[in-house]
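What follows is each chain in one-letter form.
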Amino acid sequence: MGDYFQTVVDRDATEAEAAPLAARVVAWLVAEGVIGPDRTEPALGRGPGYPPGPRVREVVDSSGWGEPWQGGPLHVDVTRTVFDAGQYADPSSARCPRCERDIAFHDRALQGIPGAWDPFSEAIEDWEAGVDALVRCAHCDASSPLVDWTGMGHCFAFGALGFTFWGWPDLTRSFLAEFDRRLDGHRTAVVSGKI
Ligand SMILES: [Zn+2]
(Lines give C-alpha, C1' and ligand atoms only; values in the text may rest on other atoms or scores of the structure.)
Protein backbone atom coordinates (compact mmCIF):
# COMPACT_ATOMS: atom_id res chain seq x y z
CA MET A 1 0.00 0.00 0.00
CA GLY A 2 3.05 2.24 -0.12
CA ASP A 3 1.82 4.10 -3.18
CA TYR A 4 -1.49 5.19 -1.60
CA PHE A 5 -1.38 8.76 -0.37
CA GLN A 6 -3.54 11.39 1.31
CA THR A 7 -2.71 15.08 1.15
CA VAL A 8 -4.18 17.65 3.51
CA VAL A 9 -4.13 20.87 1.48
CA ASP A 10 -4.42 24.32 3.04
CA ARG A 11 -6.47 26.29 0.50
CA ASP A 12 -5.91 29.68 2.10
CA ALA A 13 -2.27 29.92 3.20
CA THR A 14 -0.18 32.28 1.10
CA GLU A 15 3.27 31.30 -0.08
CA ALA A 16 4.74 33.61 2.58
CA GLU A 17 2.70 31.94 5.31
CA ALA A 18 3.32 28.37 4.17
CA ALA A 19 6.76 27.61 5.62
CA PRO A 20 6.20 29.02 9.14
CA LEU A 21 2.76 27.39 9.31
CA ALA A 22 4.27 24.08 8.16
CA ALA A 23 6.90 24.31 10.89
CA ARG A 24 4.22 24.83 13.55
CA VAL A 25 2.14 21.90 12.33
CA VAL A 26 5.18 19.62 12.13
CA ALA A 27 6.12 20.59 15.70
CA TRP A 28 2.59 19.70 16.82
CA LEU A 29 2.68 16.33 15.00
CA VAL A 30 6.07 15.52 16.54
CA ALA A 31 4.86 16.52 20.03
CA GLU A 32 1.81 14.26 19.60
CA GLY A 33 4.00 11.33 18.50
CA VAL A 34 2.26 11.15 15.12
CA ILE A 35 5.57 11.57 13.26
CA GLY A 36 9.24 11.36 14.16
CA PRO A 37 11.22 14.60 14.42
CA ASP A 38 13.78 14.08 11.65
CA ARG A 39 13.36 13.72 7.91
CA THR A 40 14.89 10.28 7.57
CA GLU A 41 12.32 8.43 5.49
CA PRO A 42 12.81 8.30 1.71
CA ALA A 43 9.78 9.57 -0.24
CA LEU A 44 8.93 8.63 -3.80
CA GLY A 45 10.88 10.88 -6.14
CA ARG A 46 11.33 13.52 -3.46
CA GLY A 47 13.59 14.42 -0.61
CA PRO A 48 13.25 12.46 2.60
CA GLY A 49 10.12 12.87 4.71
CA TYR A 50 9.17 12.44 8.36
CA PRO A 51 8.71 8.83 9.51
CA PRO A 52 5.51 7.72 11.27
CA GLY A 53 5.71 8.18 15.04
CA PRO A 54 4.76 5.85 17.90
CA ARG A 55 1.15 7.11 18.02
CA VAL A 56 0.39 6.89 14.32
CA ARG A 57 -2.36 4.32 14.96
CA GLU A 58 -4.39 6.81 16.96
CA VAL A 59 -4.98 9.12 14.00
CA VAL A 60 -5.91 6.57 11.31
CA ASP A 61 -8.67 4.05 10.67
CA SER A 62 -6.75 0.88 9.86
CA SER A 63 -9.77 -1.46 9.80
CA GLY A 64 -9.54 -3.24 6.50
CA TRP A 65 -5.77 -3.03 6.38
CA GLY A 66 -3.78 -6.22 6.70
CA GLU A 67 -1.50 -6.46 9.72
CA PRO A 68 1.18 -5.54 10.19
CA TRP A 69 1.11 -2.44 8.01
CA GLN A 70 3.93 0.03 7.85
CA GLY A 71 3.16 3.68 7.07
CA GLY A 72 5.50 5.65 4.88
CA PRO A 73 6.80 9.20 5.18
CA LEU A 74 5.02 12.51 5.62
CA HIS A 75 6.12 14.94 2.93
CA VAL A 76 5.43 18.66 3.33
CA ASP A 77 5.12 21.01 0.34
CA VAL A 78 5.45 24.75 1.01
CA THR A 79 5.25 26.09 -2.54
CA ARG A 80 2.33 26.66 -4.91
CA THR A 81 1.27 23.19 -5.99
CA VAL A 82 -1.54 21.52 -7.88
CA PHE A 83 -2.32 18.52 -5.69
CA ASP A 84 -4.01 15.77 -7.66
CA ALA A 85 -5.07 12.21 -7.14
CA GLY A 86 -2.60 10.76 -9.62
CA GLN A 87 -4.02 8.36 -12.17
CA TYR A 88 -7.57 8.73 -10.82
CA ALA A 89 -7.75 12.54 -11.05
CA ASP A 90 -10.93 12.63 -13.11
CA PRO A 91 -13.58 14.75 -11.36
CA SER A 92 -17.19 14.34 -12.49
CA SER A 93 -18.17 17.96 -11.79
CA ALA A 94 -17.25 21.21 -10.07
CA ARG A 95 -19.47 23.60 -8.14
CA CYS A 96 -19.63 27.32 -8.84
CA PRO A 97 -18.96 29.31 -5.64
CA ARG A 98 -21.36 32.04 -6.81
CA CYS A 99 -24.54 30.25 -7.94
CA GLU A 100 -23.69 26.87 -6.35
CA ARG A 101 -24.69 24.97 -9.44
CA ASP A 102 -22.56 22.15 -10.83
CA ILE A 103 -20.62 22.13 -14.07
CA ALA A 104 -20.62 18.51 -15.27
CA PHE A 105 -17.57 17.07 -16.98
CA HIS A 106 -19.21 13.76 -17.85
CA ASP A 107 -22.66 12.85 -19.12
CA ARG A 108 -24.76 10.04 -17.66
CA ALA A 109 -22.98 7.49 -19.80
CA LEU A 110 -19.67 8.75 -18.30
CA GLN A 111 -18.62 10.20 -21.63
CA GLY A 112 -16.63 13.39 -21.40
CA ILE A 113 -18.60 16.54 -22.27
CA PRO A 114 -16.63 18.37 -24.99
CA GLY A 115 -15.15 21.63 -23.78
CA ALA A 116 -16.49 21.40 -20.23
CA TRP A 117 -13.08 20.92 -18.67
CA ASP A 118 -11.28 23.48 -20.86
CA PRO A 119 -11.87 26.57 -18.65
CA PHE A 120 -10.56 24.61 -15.69
CA SER A 121 -7.45 23.30 -17.42
CA GLU A 122 -6.65 26.83 -18.61
CA ALA A 123 -7.15 28.19 -15.09
CA ILE A 124 -4.94 25.46 -13.64
CA GLU A 125 -2.16 26.53 -16.00
CA ASP A 126 -2.64 30.15 -14.96
CA TRP A 127 -2.67 29.20 -11.31
CA GLU A 128 0.56 27.21 -11.65
CA ALA A 129 2.12 30.22 -13.38
CA GLY A 130 1.17 32.40 -10.44
CA VAL A 131 -1.25 34.69 -12.28
CA ASP A 132 -4.96 35.31 -11.68
CA ALA A 133 -6.78 32.07 -12.35
CA LEU A 134 -10.47 32.64 -12.95
CA VAL A 135 -13.11 30.25 -14.21
CA ARG A 136 -16.30 31.59 -15.77
CA CYS A 137 -19.44 29.71 -14.81
CA ALA A 138 -21.50 28.44 -17.74
CA HIS A 139 -24.66 28.84 -15.63
CA CYS A 140 -24.43 32.30 -14.07
CA ASP A 141 -21.59 33.79 -16.17
CA ALA A 142 -19.71 34.95 -13.06
CA SER A 143 -15.94 34.48 -13.04
CA SER A 144 -14.60 33.12 -9.77
CA PRO A 145 -11.10 32.19 -8.62
CA LEU A 146 -10.22 28.59 -9.40
CA VAL A 147 -9.42 27.98 -5.72
CA ASP A 148 -12.99 28.88 -4.70
CA TRP A 149 -14.61 26.19 -6.84
CA THR A 150 -15.53 23.09 -4.85
CA GLY A 151 -16.89 19.64 -5.53
CA MET A 152 -13.92 18.25 -7.42
CA GLY A 153 -14.05 15.47 -4.90
CA HIS A 154 -10.73 14.17 -3.87
CA CYS A 155 -9.27 14.76 -7.31
CA PHE A 156 -7.77 18.24 -7.23
CA ALA A 157 -6.87 20.88 -4.66
CA PHE A 158 -4.79 24.00 -5.06
CA GLY A 159 -2.61 25.53 -2.39
CA ALA A 160 0.83 26.59 -1.21
CA LEU A 161 0.87 24.20 1.72
CA GLY A 162 0.22 20.47 1.63
CA PHE A 163 0.92 17.55 3.94
CA THR A 164 1.17 14.23 2.09
CA PHE A 165 0.96 11.03 4.10
CA TRP A 166 2.35 8.10 2.11
CA GLY A 167 0.99 4.65 2.80
CA TRP A 168 -1.10 5.58 5.83
CA PRO A 169 -4.64 4.25 6.33
CA ASP A 170 -7.33 6.93 6.06
CA LEU A 171 -6.87 9.74 8.54
CA THR A 172 -9.72 9.96 11.07
CA ARG A 173 -12.28 12.76 11.01
CA SER A 174 -11.27 13.97 14.45
CA PHE A 175 -7.62 14.15 13.41
CA LEU A 176 -8.54 16.09 10.26
CA ALA A 177 -10.69 18.47 12.34
CA GLU A 178 -7.78 19.11 14.68
CA PHE A 179 -5.54 19.59 11.64
CA ASP A 180 -7.89 22.34 10.41
CA ARG A 181 -7.68 24.09 13.76
CA ARG A 182 -3.88 23.91 13.69
CA LEU A 183 -4.00 25.56 10.24
CA ASP A 184 -5.62 28.62 11.80
CA GLY A 185 -9.08 27.50 10.68
CA HIS A 186 -8.13 27.81 7.01
CA ARG A 187 -10.22 26.02 4.41
CA THR A 188 -8.70 22.63 3.68
CA ALA A 189 -9.22 19.81 1.23
CA VAL A 190 -8.06 16.23 1.31
CA VAL A 191 -6.80 14.72 -1.92
CA SER A 192 -6.16 11.00 -1.98
CA GLY A 193 -5.05 8.59 -4.61
CA LYS A 194 -2.33 6.33 -5.88
CA ILE A 195 0.57 6.76 -8.17
ZN1 LIG B 1 -22.36 30.04 -11.36
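Residues numbered from 1 in each chain as written. Predicted model: local features only at pLDDT ≥ 70, side-chain atom pairs only at ≥ 80, totals over all residues. Heavy atoms only, no water.

Caption draft 1: The sheet that holds strand β14 (residues 188-194), seen in detail. Strands sit in the order β5-β12-β1-β14 across an open sheet of four strands; the sheet is antiparallel. The strands lining the two open edges of the sheet, one partner per strand, are β5 (74-77) and β14. Going from strand to strand, the sheet's axes swing by 20° on average, the running direction of each strand aside. Sheet topology places β5 next to strand β12 (residues 161-166); four bridges connect them, and they run antiparallel. Within β12, the position partnered with D77 by the bridge is G162. Lying on the sheet, helix α1 (residues 15-31) is in contact with β1 (4-10), β5 and β12; it crosses β12 at an angle near 35°. Taken strand by strand, helix α3 (residues 173-182) contacts β1, β12 and β14, and its axis lies near 155° from that of β12. (Pairing = 2+ DSSP bridges. Helix = DSSP H or I, 4+ residues; strand = E, 2+ residues; numbered from the N terminus. Axes fitted to C-alpha atoms, helices over the stretch in contact; angles between N-to-C directions. Contact = heavy atoms within 4.5 Å.)

Caption draft 2: The domain arrangement of the protein chain, seen in detail. By domain assignment, the protein chain separates into domain 1 (4-84 + 154-194) and domain 2 (93-148). Summarising the inter-unit geometry, the C-alpha centres of domain 1 and domain 2 are found 27 Å apart. In this complex, domain 1 contributes eight residues to the contact, which on the side of domain 2 involves eight residues. Interface area for domain 1 against domain 2, summed over the two sides, is near 760 Å², with a carbon-plus-sulfur share of 68%. Three residues, R80, V82 and F158, lead the burial of domain 1 against domain 2; their summed loss comes to 66% of the area buried on that side. Applying the counting rule to domain 1 against domain 2 returns one salt bridge. We note a salt bridge from R187 to D148, for which the minimum N-O separation is 3.2 Å. Applying the counting rule to domain 1 against domain 2 returns three residue pairs in polar contact (both at pLDDT 80 or more). Within the residue set of the side of domain 1 that touches domain 2, elements represented by two or more residues are β6 (81-84) and β11 (156-159). At three residues, β11 tops the list of elements feeding residues into the side of domain 1 that touches domain 2. Across the side of domain 1 that touches domain 2, the residue classes break down as three nonpolar, two polar and three charged. (Domains from an automatic or database assignment. Buried area = accessible area lost by both parts, 1.4 Å probe. Salt bridge = Lys/Arg side-chain N within 4 Å of Asp/Glu carboxyl O. Polar contact = N/O pair within 3.5 Å; in protein donor to acceptor, adjacent residues only side chain to side chain. Nonpolar A, V, L, I, M, F, W, Y, C, P; charged D, E, K, R; others polar.)

Caption draft 3: Quick peek at the nonpolar core. Ranked by internal contacts, the top residues of the largest apolar core, which has 29 residues, are L29, L161, F163, F165, W168, F175 and F179. Those elements giving two or more residues to this core turn out to be β1, α1, β5, β12 and α3. Among the elements that make up this core, the one with the highest residue count is α1 (seven residues). Setting aside chain neighbours within four positions, we find W168 in contact with Y4, Q6, V34, I35, P52, V56, V59, V60, W65, G71, G72 and P73. Counting residues in each nonpolar core, the second largest holds 19 residues, with V82, A123, L146 and F158 among its members. (Core = buried A, V, L, I, M, F, W, Y, C linked by side-chain atoms within 4.5 Å. Buried < 20%, exposed > 50% of the residue type's maximum accessible area, 1.4 Å probe, protein only.)

Caption draft 4: Just the coordination of the zinc ion, in detail. Bound to the zinc ion on the protein side are C96 (SG), C99 (SG), C137 (SG) and C140 (SG), at distances that span 2.3 to 2.4 Å. For the zinc ion, the four donor atoms in the first shell make angles of 106 to 112° at the metal, a pattern classed as tetrahedral. (Donors = N, O, S within 2.8 Å, 3.2 Å for Na, K, Ca; no water. Tetrahedral: all angles 85-135°; square planar, octahedral: opposite > 155°, others 65-115°.)

Caption draft 5: Molecular detail of the packing of α1 against α3. Interhelical geometry of α1 versus α3 gives an angle of 140° and a closest axis separation of 10 Å. By the angle class used here, α1 and α3 are oblique. As for the relative orientation of α1 and α3, their crossing is right-handed in sense. Only F175, E178, F179 and R182 of α3 make contact with α1, whose side of the interface consists of L21, R24, V25, W28 and L29. Here the contact of α1 with α3 is composed, by residue class, of six nonpolar, no polar and three charged. (Parallel < 35°, antiparallel > 145°, perpendicular 65-115°, else oblique. Left-handed = near helix turned anticlockwise from the far one by under 90°.)

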